[in-house]
Amino acid sequence: MSSRSLRKLRGERKQEPLNHFADQEEEEAEEEEERPLEPATSRKRRRNRGNKAAAGNLPQLISEVDDESDATSDKHLTEVSDDINLRLDSSSGGNDQIETMQNTENEEREKENDELVNESDVLQTSSQNKPKRKKKKKKNRNSTTDDAKEVVTDDIDSILQAIETPNGFHHQTHTVSVESRPLLYVEHRNLNPETELKRYFGARAVLGDQRSKQRHRSLHRSTWLTTPKDTWPRYTKTGISMQLLETKGGAQYFTFEHNRDYQQVQFKFLDAVDSLDPNNILTLLRVNPHHIDSLLQLSDICRMQEDQEMARDLIEKALYCFESAFHPVFSLTNGNSRLDYRRAENRSFFLALYKHMIFLEKRGCPRTALEFCKLIRSLDPERDPLCALLIIDFLALRAREYAFLIRLYEEWEFHLNLSQLPNFAFSVPLAYYHLSQREGLSDTERCKKQERAKRLLQNALIVFPSVLMPLLDLCSVQADQAVLSHKYFGFDVQIRQPNALKQLVTLFIGRNWMLWKEPRVMSWLEENVKEVLIRVDANDPLVQESENKRRIRYQNVPRNIYRHIVLSEIKEAVATLPPEVTAQPVMGFDPLPPLDGIVTYTRPERINHAADGSTLSLFFRSLLPNFNLQEDRRQNVEGDGAEDQHELNQGVNRLMAAMRDMLANIHFHEPPQEEDQDDDGDGEWD
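Now for a look at the structure at hand. (Residues numbered from 1 in each chain as written. Predicted model: local features only at pLDDT ≥ 70, side-chain atom pairs only at ≥ 80, totals over all residues. Heavy atoms only, no water.)

**Side note on the overall build of the chain**
For the chain, the helix and strand inventory stands at 32 helices and three strands. Across the chain, contacts joining residues at least 24 apart in sequence account for 70% of those joining residues at least 6 apart. Put simply, the chain shows about 43300 Å² of open surface, and 51% of that area lies on carbon and sulfur atoms. (Helix = DSSP H or I, 4+ residues; strand = E, 2+ residues; numbered from the N terminus. Contact = heavy atoms within 4.5 Å. Areas by Shrake-Rupley, 256 points an atom, 1.4 Å probe, with all protein chains shown as cover.)

**Comments concerning the side chain of R377**
Here R377 shows up in helix α16 (residues 366-379). At 2.9 Å, the side chain of R377 and the side chain of D384 are in polar contact. Those residues in contact with R377 that lie beyond four places of it in its chain are L184, D384, A388, L389, W412 and L416. (Polar contact = N/O pair within 3.5 Å; in protein donor to acceptor, adjacent residues only side chain to side chain.)

**Some details on the sheet that holds strand β3 (residues 337-339)**
An order of β1-β2-β3 is seen for the three strands of this open sheet, with the pairing classed as mixed. In the strand order of this sheet, the two ends are held by β1 (240-248) and β3, each with one partner. In this sheet, adjacent strand axes meet at a mean angle of 35° when their direction is disregarded. Strand direction decides the pairing type here: β1 and strand β2 (residues 251-258), joined by eight bridges, are antiparallel. (Pairing = 2+ DSSP bridges. Axes fitted to C-alpha atoms, helices over the stretch in contact; angles between N-to-C directions.)

**Brief notes about the nonpolar core**
The biggest cluster of nonpolar side chains holds 133 residues, and the ones touching the most others in it are L225, F349, F424, F426, W516 and L525. Excluding its chain neighbours within four sequence positions, the residues that come into contact with F426 are L457, A460, L461, F464, V467, F508 and W516. (Core = buried A, V, L, I, M, F, W, Y, C linked by side-chain atoms within 4.5 Å. Buried < 20%, exposed > 50% of the residue type's maximum accessible area, 1.4 Å probe, protein only.)

**Let's talk about the environment of P591**
Relative to the helices and strands, P591 resides in the loop between α29 (579-582) and α30 (615-622). For P591, a relative accessible area of 1% puts it in the buried group. P591 sits 25 residues away from V566 along the chain, and the two C-alpha atoms are 7.7 Å apart. Not counting the four nearest positions on each side in its chain, P591 is found in contact with Y341, L351, R563, V566, L567 and V586.

**With respect to the environment of L390**
Tracing the backbone through its elements, the reader meets L390 in the loop between α16 and α17 (392-398). Taking the C-alpha atoms as reference, L390 lies 8.2 Å from H564; in sequence the two are 174 residues apart. Not counting residues within four places of it along the chain, the set of residues in contact with L390 comprises L421, N423, L504, L507, R511, I561 and H564.

**Points about α16**
One turn of the α-helix equals 3.6 residues, which is why residues spaced by three or four share an orientation. The end-to-end C-alpha separation of α16 is 20 Å, in line with the 20 Å expected for 14 residues at 1.5 Å each. Of all 14 residues in α16, 14 are buried, a share of seventy percent or more. (Expected span 1.5 Å × (residues − 1).)

**Regarding the packing of aromatic side chains**
Centre distance and the angle of the planes are the two values used to describe a pair of aromatic rings. On inspection of all chains with the given rule, the structure shows 17 aromatic pairs. A ring pair is formed by F256 and F326, whose centres lie 6.4 Å apart and whose planes are at 40°; its orientation type is tilted. A residue pair is termed long-range when its members are at least 10 positions apart, and F256 in strand β2 and F326 in the loop between α14 (308-324) and β3 qualify at 70 residues. By relative accessible area, F326 is classed as buried at 17%. Of the aromatic side chains, those joined through ring pairs into one cluster are F254, F256, F322, F326, F330 and F349. The ring of Y253 carries K248 above its face, with NZ or CZ at 5.5 Å from the centroid. The ring of F404 has K374 lying over it, and the distance from NZ or CZ to the ring centre is 5.1 Å. (Phe/Tyr/Trp six-rings, centres within 6.5 Å; stacked < 30°, edge-to-face > 60°. Lys NZ or Arg CZ within 6 Å of the ring centre and 35° of its normal.)

**Some points on the pairing of β2**
Bridge analysis of β2 against β3 gives three bridges, and the strand direction is parallel. Paired with Y253 across the bridge in β3 is R338.

**Regarding the packing of helix α15 (residues 344-363) against α16**
Where α15 meets α16, the closest approach of the two axes is 8 Å, and the angle between their N-to-C directions is 160°. Relative to α16, α15 is oriented roughly antiparallel. In this structure, α15 meets α16 at a crossing whose hand is left-handed. Residues F349, F350, L353, Y354, H356, M357, L360 and E361 of α15 lie in contact with α16, whose contacting residues are T368, A369, F372, C373, L375, I376 and L379. Per-class residue counts for the contact of α15 with α16 are twelve nonpolar, two polar and one charged. (Parallel < 35°, antiparallel > 145°, perpendicular 65-115°, else oblique. Left-handed = near helix turned anticlockwise from the far one by under 90°. Nonpolar A, V, L, I, M, F, W, Y, C, P; charged D, E, K, R; others polar.)

**Things to note about the pattern of salt bridges**
For the structure on display, the rule yields 27 salt bridges. A salt bridge links R407 to E411; the nearest nitrogen and oxygen atoms lie 2.8 Å apart. Here the residue R407 and the residue E411 both occupy positions in helix α18 (residues 402-416), the gap between them amounting to four residues, near one helical turn. A relative accessible area of 28% places R407 in the partly exposed class. For E411, a relative accessible area of 39% gives the class partly exposed. D540 serves as the salt-bridge partner of R535, at 2.9 Å between the closest nitrogen and oxygen. What emerges from the salt-bridge pattern is a single network uniting D300, R303, K355 and E569. (Salt bridge = Lys/Arg side-chain N within 4 Å of Asp/Glu carboxyl O.)

Here it is, written out as C-alpha cells:
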C-alpha cells in the first residue's frame, strides 16, 4: 500500500498542489516495482495523458487524483481480502482444485516470463536513446550488466583453462602441426622481405606512401618470390615453360624448357658475351626485356660498378619471369619439388635465387634470406649444386634461429657428417650459447645448454686448430701469451693443413667472423681456449685422432664447393682456389658448369671468314688481346686430316711467337747529338 493511500485512510487529505507531482512520481515508482513490467508504449501513453491533464487544469487534476487514489486503496483492500479468502478456500478444498490452480498459475508465470523477456529487449533499446529518471531502475540495470560481465569473464576463463590443459584439442593440433613440418619447410610470408622489415620498423615506416599508389598500379601477376614493380615492362610470354618429368619417391621432378625463339635469343646472348662488350648485352636486353641470362650477367656488371639497386632490381625481375612460368603443380613450400642443376635451363633459376639471397642478407633481412637458402637446398638436396650447407648456419645465426640450426645439425649429422665442416663445428656451439643466455630458462636447463656449448666448442678447437688465430686477427683481438707460445695453435698448423681444409676454414672465417666479435662471446671463447690447452697438455686422445683425420680427409674438393667460393666473392677464399679453376673463364650466368651437364640444344658453329685468310692477316689479328687460334679454326676434322691440322696449328703458333719476339727485341737508336751545341745545354740546372 502506498503512502498516499495511507494518508487518505488517516484523513490526511490536505496537500499543496505543487507537491502533487513528486508524490505521483514516487507512487508510480513503487507501483511499477510491485507489478510486472509493462510495454514501453503503454507507459508512454500514460505519461502523456498525465502531462496533458496537468497542463490543462490543476484543481480538477487534484480532485481526480484523490478519487483515483480512493479507488486504488479500496481495490487493494478487496484484493487482500480476496487473497485471504482464496487461501482459506484452497486449504479447505480438495486436491483436484489445488492441482488445477497450480497448473493455471504455472501457465500464467510462463506467459509473464515471455513478456518480461520481450519487454526487457525494448527497454534496453529505449534506454540507449533516453535518459533515465528512476534511480532504482538504474541500479537494477547496473546489476544486470555486472552479471553479464561476470558471465562473459567466466566464459573467457573457462576457454583459456581448456586451452592450457595438456589434453586440450587446440593445443595438441598446434604442436603436432609444428613438429610434423619438414626441416626445409618454406613459408610464403617469410619469402617477402617487407614482412621482416615491418617486424623491425613497423608497417608505416616500411610501406610509406605505397598504400595510396596501390590503387593506380599496373596489372601484374601476384607472385611469392618477389613483388613486381610499376617500372617493369608488362609481362608477356618469354618462351620459358616448365614441364613435369616424373614423380619418384614422393618427389616431383620438373625442368624448364626453352622454345625455338628463346633459343635464338640465347645464341645472340652468347655472341654478345664473346664480344666482351656490355653494350651488346644491354642492346639485346632492350629488345628482349625478359631474357634471363642477360638479366643475370648485366646484374653482375652493375654490381661491379657499385650500382647495387639496379643489380638487385635485375635479379628480382629474373625471378618474376621464372615464377610466371611455373608449372601449376610446382610448389615452393612442401619441399618435394625438384630441379636438376645439370640441365642448363635450370641453372639460371638456382643462380637467381642465390644472388637474391645474398642481396637480402646485405639489405638486413637474414630471416628472409634463410628462407631462400632452404628453398635452394630443397630443390636439389642430393647434389646441393650451390653448397647451401656452407652458408645456412651463418644465416640462421644472423636471423637468431638457433633452434632451427640445432635441429638441422642433430637430424643431418648422422648421414652428412656436418661436424667435419668448420662452419657447423663452430656455429652449433655458438647457437647453444645464445640459447643459454635467454631469459625464462630454468637453472637446470640453462646449465645443460652451457655444458653442451662448452663441450662442442672445445671439440671444434681441437679438430680445427687453424681457425683460432685468423679469427682473432679479424676481430682485432690480441691473443694471450700462453696461446701465442703454444705450438698447437701456432703458425705451423696453418701451413701443414691440406688445401681443401684451408679453403673451408678461410671461407668460414671470412663470412662468420663478425658473429664472434661480441665481447661476451669473445670472453666465452677465451675461457674454452684455456681449457683446450689443458686438454692438449694432458694428451687427450681426441688430439691425436683429429690430427689423423685431417691428414686423411680433405684431399679432393667437390666442384660445388669451388662454385660456392666463386659466388661468395670472399677475396681470401677465392685466393685459395687452385690454378685449374682460376685459369678457365668464369661467367656470372653459369659459373663452373657441371662436368656431367645435360645439354638439350647446342649452339651452332660460328662462321669465321678470317680463319682461311693469309698468314699476314692472322699475324695482325694475333696482336689483339682476345685472339685465340683454336677458336678461329674450330673445325670438325675427322680421320687422317686431324693430325695434319694439328701440326699446321702448331707451326702457325710457333711462327706467331717468333714474330712477336722479333718485334719485342727491336730497339730504335736515338740520333747523335750535334757537336756545335752550346755548353749551357749540357750543364746542370742552377
